[in-house]
Amino acid sequence: MVRDMWRLLTGILVLAAGTPGFASPASLGSAFSDTYTAFAPLYTLYSAYAGYLLQGTEVPVPPGLEETCDHLAVDLGALQMAFIVQTDARRVEEVTSLAHLRENALSFCGQYREAVQSISAMQSADLAFLADLAAGGFFAEIQALNAALQDVFAGTLGALEPGFPHWSFSAAFATRTLLLQEVIERIDLGLREILHGGEGPSAPIDLPSEILEAVQALASLSGRILSAEEEAQARGAALQIYAFLME
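Undergrad: Outline the overall build of the protein, supporting the account with residue identities and numerical values.
TA: From N to C terminus, the protein includes 10 helices and 2 strands. The order of helices and strands in the protein, counted from the N terminus, is α-α-α-α-α-α-α-β-α-α-β-α. In the protein, buried positions account for 49% of the 247 residues. Of the contacts formed within the protein by residues at least 6 apart in sequence, a portion of 78% connects residues at least 24 apart. For the protein, the accessible area works out to roughly 11500 Å², and carbon and sulfur atoms hold 53% of it.

Structural data, given as structure tokens:
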């Protein structure tokens, strides 16, 4: 369900090392993961409908769509609080943008909650119903929310110091996203790039040996379908890395 989001963000995570700015980057990465996971069913629906318009593909109803608005309200609030409490007070731009994003998300959910619930109750999407929603701006607003969230995400990365702050944000985001999945069927190849800092065979900073082993184990499982045993290994390695980052 979060695969489209994962691919969308991998490039930003790998390329965005930049200038000084934020404290507690792992906590912020974790909060962003919760928010993106909450938003994923809406984005998946948007992507599926775009695929239908462009290629005539089916529009499946994403799992978890019915609860998206409730989860998004909670997780955007937690993300906003993480910024207020944990970031450099000089980073007013991201805090302000996030406040606007939260207001827009609450407005969207207030306007379209019943429509979202109706779609979630369908066994297969009613294309005429979706077309009516599209004409009213439903999908345009989802895209606008996604663009705003990406802007805050990219701005956060752009303000991180290179080295451990940048890597810990990215690794916390990636491992938390994996742990939030009910089933890890496949790990995107981009995870290996994130854990390796974009290039090279290992993390770009010094880590305890047991954490470095977990990083290498998780990176080695990316880019392919996992067996049940490999899924357990991936989840264990992700949990070990995430717990270390959140200490």
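Once you've had a look at it, read on.
Undergrad: Just give me the short version of the packing of aromatic side chains, but keep the residues and values in it.
TA: For any two aromatic rings, the description comes down to two numbers: the centre-to-centre distance and the angle of the planes. Applying the stated criterion across every chain yields a total of 16 aromatic pairs. Seen in terms of ring centroids, phenylalanine 32 and phenylalanine 153 are 5.2 Å apart; in terms of plane orientation they differ by 90°. Their pairing is edge-to-face. Placement of the pair is phenylalanine 32 in helix H2 (residues 25–55) and phenylalanine 153 in helix H6 (residues 138–158), with a sequence separation of 121 residues. Each member of the pair, phenylalanine 32 together with phenylalanine 153, is buried. Arranged with centres 5.9 Å apart and planes meeting at 35°, the rings of tyrosine 43 and tyrosine 46 form a pair that is tilted. With tyrosine 43 and tyrosine 46 both in helix H2 and 3 residues apart, this pair spans about one turn of that helix. According to the relative accessible area criterion, tyrosine 46 is partly exposed, its value standing at 22%. Taken together, the ring pairs connect Phe32, Tyr36, Phe83, Phe153, Phe169 and Phe173 into an aromatic cluster.

Undergrad: Would you mind going over helix H7 (residues 164–179) in detail, with residue names and values included?
TA: Over its 16 residues, H7 extends 21 Å from the first C-alpha to the last, a length consistent with the 22 Å expected when each residue adds 1.5 Å. Burial of H7 is extensive: 14 of the 16 residues sit out of reach of the surface.

Undergrad: Tell me about the packing of H7 against helix H10 (residues 228–245), residues and numbers included.
TA: Viewed as axis vectors pointing N to C, H7 and H10 meet at an angle of 135°, and their least axial separation amounts to 9 Å. Taken as axis vectors, H7 and H10 run oblique relative to one another. Two packed elements cross with a definite hand, and for H7 against H10 that hand is left-handed. Every residue of H10 that contacts H7 at Phe164, Trp167, Ser168, Ala171, Ala172, Thr175, Arg176, Leu178 and Leu179 is listed here: Arg235, Ala238, Leu239, Ile241, Tyr242, Phe244 and Leu245. Taken together, the residues of the contact of H7 with H10 break down into 12 nonpolar, 2 polar and 2 charged.

Undergrad: For the nonpolar core, give the residues involved together with the corresponding values.
TA: The biggest cluster of nonpolar side chains holds 44 residues, and the ones touching the most others in it are Phe32, Phe39, Leu42, Phe108, Ile119, Leu130 and Phe138. For this core, the elements supplying multiple residues, two or more each, are H2, helix H3 (68–86), helix H4 (92–120), helix H5 (127–135), H6 and H7. The leading source of residues in this core is H2, at 11 residues. Grouped together as the second largest cluster of nonpolar side chains are 29 residues, Ala171, Leu195, Ala237 and Tyr242 included.

Undergrad: Any details on the confidence of the model for the protein? Residues and values, ideally.
TA: Residues at a pLDDT of 70 or more form 86% of the protein, whose mean pLDDT is 87. Between the elements of the protein, mean pLDDT differs from a low of 48, seen in helix H1 (residues 3–15), to a high of 97, seen in H5. Ignoring residues within four places in sequence, the model shows residues 10–23, a span with pLDDT below 50, making 48 contacts including any to other chains.

Undergrad: Give a description of H10 that names residues and reports values.
TA: In this model, H10 (18 residues) spans 26 Å end to end at C-alpha, consistent with the 26 Å of a helix rising 1.5 Å per residue. On the buried face of H10, the contacting elements are H2, H7, strand E1 (186–187), helix H9 (209–220) and strand E2 (224–225).

Undergrad: Could you give an account of the pattern of salt bridges, naming the residues involved and the relevant values?
TA: A side chain of one charge can pair with a side chain of the opposite charge when the charged atoms of the two come close. Applying the stated rule across the entire model yields 4 salt bridges. In this structure, arginine 176 engages aspartate 34 in a salt bridge whose closest nitrogen and oxygen atoms are separated by 2.8 Å. Highlighted residues: arginine 176 in helix H7 and aspartate 34 in helix H2, separated in sequence by 142 residues. A relative accessible area of 22% means that arginine 176 is categorised as partly exposed. According to the relative accessible area criterion, aspartate 34 is buried, its value standing at 18%.

Undergrad: Which residues make up the environment of alanine 131, and what are the values?
TA: Within the secondary structure, alanine 131 is located in helix H5. The class for alanine 131 is partly exposed, based on a relative accessible area of 33%. Remark: the alpha-carbon pair of alanine 131 and leucine 53, spanning 78 residues in sequence, is separated by 10.0 Å.

The rules behind these values
- Residues numbered from 1 in each chain as written.
- Predicted model: local features only at pLDDT ≥ 70, side-chain atom pairs only at ≥ 80, totals over all residues.
- Heavy atoms only, no water.
- Helix = DSSP H or I, 4+ residues; strand = E, 2+ residues; numbered from the N terminus.
- Buried < 20%, exposed > 50% of the residue type's maximum accessible area, 1.4 Å probe, protein only.
- Contact = heavy atoms within 4.5 Å.
- Areas by Shrake-Rupley, 256 points an atom, 1.4 Å probe, with all protein chains shown as cover.
- Phe/Tyr/Trp six-rings, centres within 6.5 Å; stacked < 30°, edge-to-face > 60°.
- Expected span 1.5 Å × (residues − 1).
- Axes fitted to C-alpha atoms, helices over the stretch in contact; angles between N-to-C directions.
- Parallel < 35°, antiparallel > 145°, perpendicular 65-115°, else oblique.
- Left-handed = near helix turned anticlockwise from the far one by under 90°.
- Nonpolar A, V, L, I, M, F, W, Y, C, P; charged D, E, K, R; others polar.
- Core = buried A, V, L, I, M, F, W, Y, C linked by side-chain atoms within 4.5 Å.
- pLDDT = per-residue confidence, 0-100.
- Salt bridge = Lys/Arg side-chain N within 4 Å of Asp/Glu carboxyl O.

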